[in-house]
Amino acid sequence: MKRVFALLLLAMFSTTALTACNTIAGAGKDVQKVGEKVEDKAQDCKDGKC
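Residues numbered from 1 in each chain as written. Predicted model: local features only at pLDDT ≥ 70, side-chain atom pairs only at ≥ 80, totals over all residues. Heavy atoms only, no water.

Engineer: Whenever I open this one, the overall build of the protein chain confuses me. Can you help?
Structural biologist: From N to C terminus, the protein chain includes 1 helix and 0 strands. Here the C-alpha radius of gyration of the protein chain, 22 Å, is well above what a compact globule of 50 residues would show, namely 10 Å. If you line up the protein chain on its principal axes, its C-alpha atoms span 70 × 10 × 5 Å. Counting the 50 residues in the protein chain, one finds 0% classified as buried. Just so you have it, the protein chain exposes about 4800 Å², and 67% of that area is on carbon and sulfur atoms. Treating the 8 positive side-chain charges of the protein chain as one cloud and the 6 negative ones as another, the clouds have centres 14 Å apart. (Helix = DSSP H or I, 4+ residues; strand = E, 2+ residues; numbered from the N terminus. Rg over C-alpha atoms; globule rule 2.2 N^0.38 Å. Buried < 20%, exposed > 50% of the residue type's maximum accessible area, 1.4 Å probe, protein only. Areas by Shrake-Rupley, 256 points an atom, 1.4 Å probe, with all protein chains shown as cover. Lys, Arg positive; Asp, Glu negative; His and termini not counted. Charge placed at Lys NZ, Arg CZ, Asp CG, Glu CD.)

Now the structure itself:
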């Protein structure tokens, strides 16, 4: 019974950890896109197109 409970806890932890990794990766991509837009706008302003 202890073994089943331990395996159940391990499965729950693994699922949570994998979901968190995907969420963080998605957030990182969103932040990267925002950074690219800021860089583009800064370049436009530098060129006098602001």
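Engineer: Before we go on, may I ask you to explain helix H1 (residues 2-46) in this structure?
Structural biologist: Compared with an ideal rise of 1.5 Å per residue, which puts 45 residues at 66 Å, H1 spans 65 Å between its outermost C-alpha atoms and is within 8% of the ideal. Within two residues after H1, glycine 48 carries a phi angle of roughly 85 degrees, on the positive side. (Expected span 1.5 Å × (residues − 1).)

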